[in-house]
Amino acid sequence: MALTNNKTILDWVDEQVALVKPDSVVWIDGSEEQLEALRNEACATGEMERLNEELLPGCLLHRTNPNDVARVEGRTFICTKTKEEAGPTNNWEDPDVMYKKLFDIARDSYKGRTMYVIPYSMGPIGSKLSKVGIEVTDSIYVVLNMAIMTRVGKAVLDSFGDESNDWVRGLHCKCDIDENNRYICHFPQDNTIISVNSGYGGNVLLGKKCFALRIASYQGKHEGWQAEHMLILGVENPKGEVKYICAAFPSACGKTNLAMMVPPEGYKKAGYKVWCVGDDIAWIRKGEDGRLYAINPENGFFGVAPGTNEKSNPNALASTKQGTIFTNVAHNLDNNTVWWEGLDKNPPENAVEWTGKPWNGKVDEIKGAHPNSRFTAPAKNCPCISSEFENPAGVPISAFVFGGRRAALTPLVYQSRDWNHGVFVGSIMASETTAAATGAVGVVRRDPMAMLPFCGYDMGDYWQHWIDIGETLDADKAPKIFNVNWFRKDEDGNFMWPGFGDNLRVLEWIIKRCENEVDAEETAIGYLPKAEDINIEGLEGEVSVDSLKKILDVDKALWSEEAKGIEEFYGKFGKTLPEELAKELDTLKANLA
Ligand code: GTP
Ligand code: SPV
Ligand code: MN
């Protein structure tokens, strides 16, 4: 039974029914009874498997088709009226042409299947910063994931009311999981997303990258706010004061890890705490006091499994101990639990690898888990979830941090000279590609603000939006902007910085800079810490003031090469490249000369 009288929603659902012709239609009300019935149904058909009820209560395992394990950037489209609106970094197609193609693929594709109608809220239900979406899907896996990642059900529609048309339409059709007909398409001018022939994560959980970044970035541009690929964390000092930081790193470059980090021993003893507000997406708006406030629009974590362990990220691991869905990890048959590379040193010998084939635990021969295998865990499971997680007003931001995975060049940390220079620093981000998207791994590519795959309009106009936001902020209220790189390597290919919890040492410097408590050295690229000002107490053996100096080094010859790469990248944008950024590039070149 429909859960709303909102005619705009009912009419749209009717249209989808007429197109895809399901055998039946089920509205997701969000009740535990309904979700439990769906879990049972998915387990009965083999779509999912229940894991050990004692060790992993309420947890499920799912394997996607091996051709369908990551986002497909080459098949992701922004369909605006003109190609210019999508900009030079997005795939574009004319909306009429794309609608026709997608309708042809979707037509009758639910025959013999059930249509699930999922009403969901991105952000706390009813918050002024939140937005509503409706996703229709023929996948129980999608329903169960959306029920973790977002707030779903009747409460969303009750609060939304019968009049508003301000909601995002999402049609997902599994079809035959045919990779040659897979399309992830966005129509920002119609608040519409259509995804066909995939059953994987960011391609089909339409509230996440499709809505909360691609559509929302477009909405934010027009409504005066920002949707960013950023984690949100709070650092509490021994006096009990909490400062909030938003950080943008590309996919699989450490957002979840930083958001849930455990402080180093010395910091813990001194009384430092880190609180997680979000691990992937931030929606940001100016508050009444003139500061920027961020909410996490999500309600769970869709985190990278490999590498997650008791030492690297105990809070993420703890979050996966109940009510979690595991996708494409190895299945340990001895105790009906899960395993992935980097969980521990004991891969199960009696196991099933992520593709569904028997596996003997020999990790050098074949991997047990896919490198982009994931856990979908409820945010409320996280031991360090912030008390502000549900705060409808969000948290005030002290600093923005950009960062990528760069074996060379970029120092451990530096600060921009001012807001516009900070926008420049975000715009020149580059990072080695990861398994989070299909394609080659480890190739350095430009990924401005970690938004290259997620910006729903021309990236040049997006940079202008950043600059415009800065103009509305008083200098003393604007967040300070930084760049970090946890991934610098030495000649032997070893990471030069221990990373993970020890990244708090860098955040401490960042917060001190925000509070004017420490000076810095002015260099060609911005303000760098004096090596003595990064606290390395307790890191003896791993890092010294001398090795810190190496990670903080600015190599002018390498940076001059980089400036050429930036110039070439900027050249793609033509007239949408903000003048302010062209000027910042000139300044960088002059500083390096
Ligand atoms: P998405 O969910 O794809 O957006 O990824 P993410 O940005 O949340 O990345 P995540 O925190 O899951 O980390 C991805 C990988 O980076 C994992 O394999 C981590 O082990 C590794 N990693 C995270 N933080 C650090 C760090 O500080 N140093 C090093 N060397 N590796 C790190
Ligand atoms: C990312 O790739 O940035 C993710 C995973 O967070 S996905 O939801 O697949 O986009
Ligand atoms: Mn992400």
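What counts and how
Residues numbered from 1 in each chain as written. Chains lettered and ligands numbered in written order. Predicted model: local features only at pLDDT ≥ 70, side-chain atom pairs only at ≥ 80, totals over all residues. Heavy atoms only, no water. Helix = DSSP H or I, 4+ residues; strand = E, 2+ residues; numbered from the N terminus. Expected span 1.5 Å × (residues − 1). Buried < 20%, exposed > 50% of the residue type's maximum accessible area, 1.4 Å probe, protein only. Arc of directions from axis to C-beta. Polar contact = N/O pair within 3.5 Å; in protein donor to acceptor, adjacent residues only side chain to side chain. Phe/Tyr/Trp six-rings, centres within 6.5 Å; stacked < 30°, edge-to-face > 60°. 1 Å grid on protein atoms, 1.4 Å probe; cavity = no way out; pocket = protein on both sides within 12 Å on 5 of 7 lines; lining within 4 Å. Points joined across faces, edges and corners; volume = space filled by probe spheres on them. Nonpolar A, V, L, I, M, F, W, Y, C, P; charged D, E, K, R; others polar. Near = heavy atom within 4 Å. Areas by Shrake-Rupley, 256 points an atom, 1.4 Å probe, with all protein chains shown as cover. Sits in = over half its atoms within 2 Å of the grid points. Domains from an automatic or database assignment. Contact = heavy atoms within 4.5 Å. Buried area = accessible area lost by both parts, 1.4 Å probe. Salt bridge = Lys/Arg side-chain N within 4 Å of Asp/Glu carboxyl O. Donors = N, O, S within 2.8 Å, 3.2 Å for Na, K, Ca; no water. Tetrahedral: all angles 85-135°; square planar, octahedral: opposite > 155°, others 65-115°.

So what exactly am I meant to see when it comes to helix 2 (residues 32-45) here?
Working note: α-helix, 3.6 residues per turn, so residues spaced by three or four point in the same direction. The end-to-end C-alpha distance of helix 2 is 20 Å, a good match for the 20 Å that 14 residues give at a rise of 1.5 Å each. Among the residues making up helix 2, those that are buried are Q34, L35, L38, R39 and A42. Buried residues of helix 2, viewed axially, fall in a sector of 140°; they line one side. Turned more than 90 degrees away from the buried face of helix 2 sit E33 and A44, all of them exposed. G46, located one to two residues past helix 2, shows a positive phi value of around 90°.

For this particular structure, what's the right way to read helix 5 (residues 140-149)?
Of all the ten residues making up helix 5, nine are buried; the element is thus mostly covered by neighbouring parts of the structure. Every buried residue of helix 5 is accounted for by I140, Y141, V142, V143, L144, N145, M146, I148 and M149. In this structure S139 caps helix 5, since a side-chain oxygen of it lies 3.2 Å from the backbone nitrogen of Y141.

Any chance you could explain the packing of aromatic side chains here in plain terms?
Two descriptors summarise a pair of aromatic rings, namely the distance from one centre to the other and the angle between the planes of the rings. Enumeration over the complete set of coordinates arrives at 26 aromatic pairs. Plain terms: the ring middles of Y99 and F103 are 5.6 Å apart, the flat faces sit at 25° to each other, and that makes the pair stacked. Here the residue Y99 and the residue F103 both occupy positions in helix 4 (residues 95-106), the gap between them amounting to four residues, near one helical turn. The class for F103 is partly exposed, based on a relative accessible area of 29%.

Whenever I open this one, empty space enclosed by the protein confuses me. Can you help?
A complete count under the given rule lists three cavities of 30 Å³ or more for this structure. There is about 100 Å³ of room inside the largest cavity. Elements that contribute at least two residues to the lining of the largest cavity include exactly strand 29 (480-484) and helix 16 (556-571).

For this particular structure, what's the right way to read the layout of surface pockets?
Think of a ball as big as a water molecule: rolled over the atoms, this probe shows where empty space is left. Considering only enclosed or pocket space, the largest pocket measures out at about 1,200 Å³ in volume. Within the residue set of the lining of the largest pocket, elements represented by two or more residues are helix 8 (207-223), helix 9 (255-259), strand 18 (300-304) and strand 24 (374-378). With four residues, helix 9 is the largest single contributor of residues to the lining of the largest pocket. Per-class residue counts for the lining of the largest pocket are 21 nonpolar, 15 polar and twelve charged.

I tried to follow the site of ligand 2 on my own but got confused; where do I start?
Taken together, R71, Y200, G202, K208, K209, H229, S251, D280, F302, R374, A436 and F454 make up the full set of residues adjacent to ligand 2. Interatomic distance of 3.0 Å between a backbone N/O atom of G202 and an oxygen atom of ligand 2. Within the side chain of H229, one N or O atom sits 3.4 Å away from an oxygen atom of ligand 2. Considered on its own, ligand 2 offers 290 Å² of accessible surface; in the complex 98% of this is hidden by protein. Here ligand 2 occupies the largest pocket. Residues of the shell around ligand 2, tallied by class, amount to four nonpolar, three polar and five charged.

Please clarify how the domain arrangement of the protein should be interpreted in this entry.
Many authors give the size of an interface as the accessible area that is lost as the parts come together. Domain annotation for the protein reports domain 1 (7-48 + 72-223), domain 2 (228-298 + 387-592) and domain 3 (300-381). Placing a centre on the C-alpha atoms of domain 1 and another on those of domain 2 gives a separation of 31 Å. Taken together, the contact between domain 1 and domain 2 spans 34 residues of the former and 34 residues of the latter. A combined buried area of about 2,900 Å² lies between domain 1 and domain 2, and 57% of that area is made up of carbon and sulfur atoms. Here domain 1 is connected to domain 2 by five salt bridges. Across the pair R445 and E73 runs a salt bridge whose closest N-O atoms are separated by 2.9 Å. Linking domain 1 to domain 2 there are 18 residue pairs in polar contact (both at pLDDT 80 or more).

Looking at this structure, how should I read the coordination of the manganese ion (ligand 3)?
Angles between donor atoms at a metal ideally measure 109.5 degrees for a four-coordinate tetrahedral arrangement and either 90 or 180 degrees for a six-coordinate octahedral one. Around the manganese ion (ligand 3), the donor atoms from the protein are K209 (NZ), H229 (NE2) and D280 (OD), and they sit 2.1 to 2.5 Å away. Relative to the metal, the six donor atoms surrounding the manganese ion (ligand 3) lie at angles of 63 to 172°, and the coordination shape comes out irregular. Positions of the donor residues of the manganese ion (ligand 3), expressed as sequence spacing, correspond to K-x19-H-x50-D. Here the residue K209 occupies a position in helix 8, and H229 occupies one in the loop between strand 12 (226-228) and strand 13 (230-236), the gap between them amounting to 20 residues.

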